Amino acid sequence: MVFKGLLSSARVFCKQSLEAQGRNRPFFRDEFSVVWDVSARICRNPALRRVALCCNEKLNILGEGFAKQCNALVALRVRRTAQILYLYNRLYNEKTLKFVVSTFGQQFLHNVKGRPLNFLFGACLFSWVNEKVTDSELDECASDLHYIQFDPARRRDSSLASEKWEQIIEREHLQVWRKPVPDSYRYEYKVCGRYFDIPPRAFFSIQTDLEYRKQWDRLVIKLDRVDRDEESGSEVIHWIMHYPYPMYAREYVFLRRIRIDSESKTMVLVSRATHHPEFPENKKYVRVNTYNSKMVIKAHNGFDENGFDYILTYSDDPQSAIPSGAYNWMASTGVPDFVDKLHLAAKKLHESKHGKRGRTGIADGNDVPCYS
């Protein structure tokens with residue numbers, strides 16, 4: 001009934017409007033007049049007034065629901081937009097930094113006193129406080145000297161055997177021990193040796209002198225010092241070496257630090273794997289991320305006089321698919337072969353310098369000695 005009344009009033013309203021227009025008399029002056037006239041008619045008609053109030057309530061409810069829905073949708077869109085902007089901001093910042101460092105180091109300046117400029121940027125991004133080789137690591141390495149025992153009557157009482165090390169090679173002046181690395185198929189090796197025909201300085205120099213190692217070690221593809229901490233003497237070395245065909249070459253990025261003490265007549269070298277921002281992993285080489293090497297040399301007399309004892313502790317994970325038995329056999333035979341190569345290279349170096357006047361000793365500290 002309400003809607004019938006509303007339709008009847010609308011028909012009457014339209015008829016009066018048409019009659020007024022037919023007499024060429026303006027029925028409304030503008031839109032405001034139209035709204036005002038309709039409002040007045042609704043107010044005079046109780047039925048229309050009830051319909052208007054009901055519609056107004058319904059519209060208010062619909063408006064509130066629509067507003068809440070819009071608010072939730074807008075809030076979700078804003079939150080997603082903020083997250084996307086934050087993500088892209090981080091990504092582009094990191095990419096931009098790497099791009100600037102790489103491009104600036106490679107294209108604009110090749111050397112700064114013999115070093116690439118990206119060497120300086122890498123030093124800023126590398127945390128020496130957390131990564132450097134500590135004094136305690138050097139002390140621990142030096143303490144291994146007590147393992148050296150070449151007296152035949154006392155070999156069975158070696159402290160290595162009591163610590164569950166297995167002896168795999170025993171010669172007159174060479175012993176090789178191994179011990180399983182927990183939760184792996186690998187072994188850690190200790191090599192105890194003694195030489196009487198070369199001085200300690202020559203044996204130590206062939207391992208610390210990178211340029212000379214490139215000459216005597218045919219497996220070297222690349223071997224360079226890429227960073228150094230002047231305070232501690234720790235260095236970052238980048239080393240790429242050939243591996244048996246058809247396997248890929250292995251890449252090492254490792255820290256090393258030396259300590260020479262003339263009072264105790266010891267020379268200590270500690271190396272372990274690390275990560276450096278200048279050399280991220282790539283698909284060209286297989287990165288060896290597990291690598292530890294420690295050596296301590298004890299001179300019988302002086303650093304430039306023949307005769308010394310040494311002990312080398314070594315372990316790594318070359319990421320190879322070689323069966324564990326074959327790998328362990330290669331490692332057990334390769335370690336003494338490597339030591340023999342060290343001895344031969346040291347002997348050649350010593351003989352090439354024999355008769356030439358060089359330094360009479362090595363200064364204590366962390367600097368890499370130069371055999372001259």
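Residues numbered from 1 in each chain as written. Predicted model: local features only at pLDDT ≥ 70, side-chain atom pairs only at ≥ 80, totals over all residues. Heavy atoms only, no water.

**Regarding the overall build of the protein**
What the protein contains, in helices and strands, is ten helices and ten strands. Relative to its 372 residues, the protein shows a buried fraction of 37%. Within the protein, contacts between residues separated by at least 24 positions form 59% of all contacts whose residues are at least 6 apart in sequence. About 23,300 Å² of surface is accessible on the protein, with carbon and sulfur atoms providing 56% of the total. (Helix = DSSP H or I, 4+ residues; strand = E, 2+ residues; numbered from the N terminus. Buried < 20%, exposed > 50% of the residue type's maximum accessible area, 1.4 Å probe, protein only. Contact = heavy atoms within 4.5 Å. Areas by Shrake-Rupley, 256 points an atom, 1.4 Å probe, with all protein chains shown as cover.)

**Thoughts on the environment of Asp 209**
For Asp 209, the position within the fold is in the loop between helix H8 (200–208) and helix H9 (210–216). Here Tyr 212 takes part through its backbone nitrogen, which lies 3.3 Å from a polar atom of the side chain of Asp 209. (Polar contact = N/O pair within 3.5 Å; in protein donor to acceptor, adjacent residues only side chain to side chain.)

**A word on the layout of surface pockets**
Approximately 980 Å³ is the volume attributed to the largest pocket. What lines the largest pocket is a set of 36 residues, among which Trp 239, Met 241, Tyr 252, Tyr 314 and Phe 338 lie closest to the centre. Going through the elements one at a time, strand S3 (187–195), H9, strand S5 (235–241), strand S6 (250–261), strand S7 (266–273), strand S9 (291–299), strand S10 (308–316) and helix H10 (324–353) are the ones with two or more residues in the lining of the largest pocket. Top contributing element to the lining of the largest pocket by residue count: H10, with eight residues. (1 Å grid on protein atoms, 1.4 Å probe; cavity = no way out; pocket = protein on both sides within 12 Å on 5 of 7 lines; lining within 4 Å. Points joined across faces, edges and corners; volume = space filled by probe spheres on them.)

**Notes on the nonpolar core**
Generally speaking, nonpolar side chains in soluble globular proteins are found buried as a group. Core analysis: the biggest nonpolar cluster contains 31 residues, and Val 191, Phe 203, Ile 206, Ile 297 and Tyr 310 have the highest contact counts within it. Top element by residues in this core is H10. It accounts for six residues. Dropping the residues within four chain positions of it, Val 191 is found in contact with Leu 174, Gln 175, Val 176, Tyr 310, Ile 311, Leu 312, Val 335 and Val 339. One finds Trp 128, Phe 150, Leu 255 and Val 268 within the second-largest nonpolar core, a separate group that totals 20 residues. (Core = buried A, V, L, I, M, F, W, Y, C linked by side-chain atoms within 4.5 Å.)

**Focus: unusual backbone geometry**
In this model, Asp 183 sits at a positive phi of 60 degrees, which is unusual for a non-glycine residue. Mapped onto the elements of the fold, Asp 183 is located in the loop between strand S2 (174–180) and S3. By relative accessible area, which is 84% here, Asp 183 ends up exposed. We note that Lys 265 has phi near 60 degrees; this positive angle belongs to a residue other than glycine. For Lys 265, the position within the fold is in the loop between S6 and S7. A relative accessible area of 32% means that Lys 265 is categorised as partly exposed.

**Thoughts on the packing of aromatic side chains**
The tally for this structure, following the rule as stated, stands at twelve aromatic pairs. Their ring planes at 35 degrees and their centres at 5.1 Å tell us that Phe 203 and Phe 308 sit as a pair that is tilted. Residue Phe 203 is located in helix H8, and its partner Phe 308 is located in strand S10; the two are separated by 105 residues in the primary sequence. Here Phe 203 falls in the buried class, since its relative accessible area comes to 0%. (Phe/Tyr/Trp six-rings, centres within 6.5 Å; stacked < 30°, edge-to-face > 60°.)

**Here we look at the pairing of S3**
In terms of burial, S3 is largely enclosed, as seven of its nine residues are buried. Where S3 meets S10, seven bridges bridge the pair, whose relative direction is antiparallel. Across the sheet, the residue bridging to Cys 192 is Ile 311, located in S10. (Pairing = 2+ DSSP bridges.)

**Here we look at the pairing of S9**
Counted residue by residue, S9 has seven buried out of nine residues, so it is predominantly covered. Where S7 and S9 come together, seven bridges link them in antiparallel fashion. Bridge pairing in S9 links Ser 271 to Ser 293. With nine bridges connecting them, S9 and S10 associate as antiparallel partners.

**Notes on H8**
Taking burial as the measure, the nine residues of H8 include nine buried ones, the bulk of the element. Where H8 is concerned, the buried positions are Pro 200, Arg 201, Ala 202, Phe 203, Phe 204, Ser 205, Ile 206, Gln 207 and Thr 208.

**Examining the pattern of salt bridges**
For the structure on display, the rule yields 18 salt bridges. Between Arg 259 and Asp 139 there is a salt bridge whose closest N-O contact spans 2.9 Å. In this pair, Arg 259 sits in strand S6 while Asp 139 sits in helix H6 (residues 135–142), placing the two residues 120 residues apart along the sequence. With relative accessibility at 25%, the residue Arg 259 sits in the partly exposed group. Salt-bridge contacts for Lys 347 lead to Asp 197; the nearest nitrogen and oxygen are separated by 3.7 Å. Taken together, the residues span a long stretch of sequence, with Lys 347 in helix H10 and Asp 197 in the loop between S3 and H8 at a distance of 150 residues. Here the residues in one salt-bridge network are Arg 225, Arg 228, Glu 230, Glu 235 and Arg 256, joined through shared partners. (Salt bridge = Lys/Arg side-chain N within 4 Å of Asp/Glu carboxyl O.)

**Comments concerning the confidence of the model for the protein**
Scored by pLDDT, the protein comes out at a mean of 77, with 67% of its residues at no less than 70. Per-element averaging of pLDDT across the protein places helix H4 (residues 117–125) at the bottom with 50 and S7 at the top with 96. A low-confidence stretch, residues 23–29 stays under pLDDT 50, and its non-local contacts, those more than four residues away or across chains, total eleven contacts. Low pLDDT (under 50) marks residues 356–362, which in the prediction has 13 contacts with non-local residues, meaning those over four places away or in another chain. (pLDDT = per-residue confidence, 0-100.)

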